[in-house]
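Here are the chains, one letter per residue:
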Amino acid sequence: MVKDSLHIAIVLEAFFIALAPTVAVACLGVGMAAFLIKWWKDPEFQLNGTPYNWAIAIFMVCGGASIFVSPDRMYSLSIWFVMLLIYFFTYVLVSQNVNTPRHMRDIAYALGTAAAIVILYGFFQFFFGIDTSEMRWVDGEAFPELRKRVFSTLENPNILAAYLDVVACVLLGLFSRLQDRRTRIWLAIGIICCMACLAMTYARGACLTIAVIMAGYGAVKDRRILMAVLVVAVGILVLNPVLLERMTTMFSVGDTSSEMRIAMWESTLQMIMDHPVLGIGGGAYSLVYPIYDTYIVDGSVTLVHAHNIYLNYVAEIGIMGGMGFTIFLFGTMITALFSKKEMPDDFSGGLMVGLGLALISVALNGLTDDVLYNLPSSMLLWMMCGMVVALEENL
């Protein structure tokens, strides 16, 4: 009974992460309760050691220590509790309890079903109307023709774009390993739908990221994938000239988005130099940034993160805390991509490759945006890392 409750809770959390984060957190709570009961009832049960527990411990300890230097300690305390009780517990729940190929498949299917709903809703927004011309993520002066940037069930187009990169990478990993022709056709359709929805977000960094990952993987593993990526990319750009225009301005300092990011990174580096050990406090970026702001200089504008996950973590919880997170992320990525373990089936093998590619997409997207700023994105990251550990250690 407890085992079944654990299984169902994890699958439901996976399904609701991108659709209803509050429900996903409730499922996590049920799962953790069942896990603790299982642990209490079985005196021989032992936690599996995971390769980067020490890096996670550094990240969590530094996050807790940063509370004491925060300008708003209660807020930083709440941020730390979210890190511990939601992100870390998601990782523990998956890495310690998923131990059969069937359970792993159920989680993957739940994530895939949710992704299909997210993508369909993105198409609905694009074709049936959502005017974003007044929203902050649209530069109306630079791109007057850009009036629709879909965000589906997530907070903004950039977060959705990073999510779609993750989905496309997992589908690519499965496509590369599974042999059934009908399954591969459906996976290819899924990747194309991801790419089309991604184009509707007009997120330049995410578009470049997925193009680099797919082209690189195709060049190394299968030239046919490389050619297919080129055809799809050219087709999307031809059909969407506004996206092509945005992509051509990506590296232009005159572009307001690029100019703002450069200014924010300079200010964030100064923050880090002033607070290298404990940082400024978890989640306190928006409170401290005005002191270092040399670009916007407008008290009515609030900037909540540094548009770079690495700088953001180092600024908020110190150099050691930021290093702990970075080692955890890249270590898990390397484990997934270079695993020498013989997987129980092709699906598990393809999923492992896909998760590795997905973590690369998070790492690359994190260079120009804090793609882990909201609850669903971070929950998904920690769940994926837990899945990698489960595939490597438990199956």
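Residues numbered from 1 in each chain as written. Predicted model: local features only at pLDDT ≥ 70, side-chain atom pairs only at ≥ 80, totals over all residues. Heavy atoms only, no water.

**Student:** Just to check I follow, could you spell out the overall build of the protein for this structure?
**Tutor:** From N to C terminus, the protein includes 15 helices and 0 strands. For the protein, the residues scored as buried account for 51% of the 395 residues in total. Counting only contacts in the protein whose residues sit at least 6 apart along the sequence, the fraction spanning at least 24 positions is 76%. Summed over its atoms, the accessible surface of the protein is roughly 18100 Å², and 67% of this surface lies on carbon and sulfur atoms. (Helix = DSSP H or I, 4+ residues; strand = E, 2+ residues; numbered from the N terminus. Buried < 20%, exposed > 50% of the residue type's maximum accessible area, 1.4 Å probe, protein only. Contact = heavy atoms within 4.5 Å. Areas by Shrake-Rupley, 256 points an atom, 1.4 Å probe, with all protein chains shown as cover.)

**Student:** How do you make sense of the pattern of salt bridges when you look at a structure like this?
**Tutor:** A side chain of one charge can pair with a side chain of the opposite charge when the charged atoms of the two come close. Evaluated as defined, the whole model comprises 2 salt bridges. For R102, the salt bridge is made with D106, and the minimal N-O distance between the two is 4.0 Å. Note that R102 and D106 are positioned in helix α5 (residues 101-128) at a spacing of 4 residues, about one turn of the helix. Residue R102 is classed as exposed on the basis of its relative accessible area, which comes to 63%. Salt-bridge contacts for D369 lead to R261; the nearest nitrogen and oxygen are separated by 3.8 Å. With D369 in the loop between α14 (346-365) and α15 (375-393) and R261 in helix α11 (residues 256-274), this residue pair connects regions lying 108 residues apart in the sequence. Look at D369 and you get buried, because its relative accessible area is 9%. (Salt bridge = Lys/Arg side-chain N within 4 Å of Asp/Glu carboxyl O.)

**Student:** Can you help me understand the layout of surface pockets in this one?
**Tutor:** Empty space among the atoms becomes visible once a probe the size of a water molecule is rolled across them. Taken as a whole, the second largest pocket spans an internal volume of roughly 690 Å³. Around the second largest pocket, the lining is made up of 33 residues, and of these G112, T113, A115, V167 and L171 lie nearest the centre. For the lining of the second largest pocket, the elements supplying multiple residues, two or more each, are α5, α6 (157-177), α7 (181-201), α14 and α15. Here the lining of the second largest pocket gets 11 residues from one element, more than from any other, and that element is α5. Taken together, the residues of the lining of the second largest pocket sort by class into 29 nonpolar, 4 polar and no charged. (1 Å grid on protein atoms, 1.4 Å probe; cavity = no way out; pocket = protein on both sides within 12 Å on 5 of 7 lines; lining within 4 Å. Points joined across faces, edges and corners; volume = space filled by probe spheres on them. Nonpolar A, V, L, I, M, F, W, Y, C, P; charged D, E, K, R; others polar.)

**Student:** In this structure, what is going on with the confidence of the model for the protein? I would like to understand it.
**Tutor:** Do not read the fine detail of predicted coordinates wherever pLDDT is low. On average, residues of the protein score 87 in pLDDT, and 87% of them reach the 70 mark or higher. Low pLDDT (under 50) marks residues 137-146, which in the prediction has 21 contacts with non-local residues, meaning those over four places away or in another chain. (pLDDT = per-residue confidence, 0-100.)

**Student:** Even after reading the chapter, I still don't get the environment of M200, so can you show me in this structure?
**Tutor:** Along the chain, the position of M200 falls in helix α7. We classify M200 as buried; its relative accessible area is 6%. C-alpha separation for the pair M200 and G122, spaced 78 residues apart in sequence, amounts to 7.9 Å. In this view, M200 contacts G122, F123, F126, F127, K148, R149 and V150; residues no more than four positions away in its chain are not counted.

**Student:** How should I be thinking about α15 in this particular structure?
**Tutor:** For an α-helix, the turn length of 3.6 residues means that residues three or four places apart are oriented alike. Its 19 residues give α15 an end-to-end C-alpha distance of 27 Å, which sits within 8% of 27 Å, the value for a rise of 1.5 Å per residue. Among the 19 residues that make up α15, 16 are buried, leaving the element largely enclosed by the rest of the structure. (Expected span 1.5 Å × (residues − 1).)

**Student:** How do you make sense of the nonpolar core when you look at a structure like this?
**Tutor:** A general feature of soluble globular proteins is that nonpolar side chains tend to end up buried together. Counting residues in each nonpolar core, the largest one holds 101 residues, and the members touching the most others are I107, Y163, L351, L381, W382, M384 and M387. Of the residues forming this core, the biggest block, 15 residues, is contributed by α6. Among residues more than four places away in sequence, those in contact with I107 are I10, V11, A14, V98, M383 and M387. (Core = buried A, V, L, I, M, F, W, Y, C linked by side-chain atoms within 4.5 Å.)

**Student:** Would you mind going over a nonpolar patch on the surface with me for this structure?
**Tutor:** Among the surface-exposed residues, F68, V69, V277 and L278 lie close enough to one another that they form a single nonpolar patch of about 370 Å² accessible area. Along the polypeptide, L278 turns up in the loop between α11 and α12 (285-292). (Patch = residues over 30% accessible without salt bridge, like charges linked within 9 Å, V, L, I, M, F, W, Y side chains within 5 Å.)

**Student:** Looking at this structure, I do not really get empty space enclosed by the protein. What am I missing?
**Tutor:** Scanning the entire structure with this criterion turns up 2 cavities of 30 Å³ or more. Of the voids in this model, the largest cavity is the one considered here, and its volume is about 130 Å³. Lining the largest cavity are 15 residues; nearest its centre among them are Y163, V166, V371, S377 and L380. If you list the elements that add at least two residues to the lining of the largest cavity, you get α6 and α15. Of the residues belonging to the lining of the largest cavity, the class tally is 14 nonpolar, 1 polar and no charged. Here the second largest cavity defines a volume of roughly 40 Å³. P51, Y52, Y91, F328, T332, T335, V388 and V389 are the residues that line the second largest cavity. Of all the elements in the fold, those that place two or more residues in the lining of the second largest cavity are α13 (309-337) and α15. Per element, the largest residue contribution to the lining of the second largest cavity is 3 residues, and it comes from α13.

**Student:** Explain the environment of G63 here, please?
**Tutor:** Looking at the secondary structure, you find G63 in helix α3 (residues 53-65). G63 sits in the buried class, given a relative accessible area of 2%. The spatial distance from the C-alpha of G63 to the C-alpha of G322 is 9.3 Å, given a sequence separation of 259 residues. Apart from the residues lying within four places of it in its own chain, the contact partners of G63 are W80, M83 and I317.

**Student:** Before we go on, may I ask you to explain the packing of α13 against α14 in this structure?
**Tutor:** The relative placement of two packed helices comes down to the angle between their axes together with the axis-to-axis distance. Packing of α13 against α14 leaves a shortest axis separation of 9 Å and a crossing angle of 155°. Judged by the angle between their axes, α13 and α14 are roughly antiparallel. As for the relative orientation of α13 and α14, their crossing is left-handed in sense. Residue-level contacts link I309, Y310, L329, F330, T332, M333, T335, A336 and L337 of α13 to M352, V353, G356, L357, L359, I360, V362 and A363 of α14. (Axes fitted to C-alpha atoms, helices over the stretch in contact; angles between N-to-C directions. Parallel < 35°, antiparallel > 145°, perpendicular 65-115°, else oblique. Left-handed = near helix turned anticlockwise from the far one by under 90°.)

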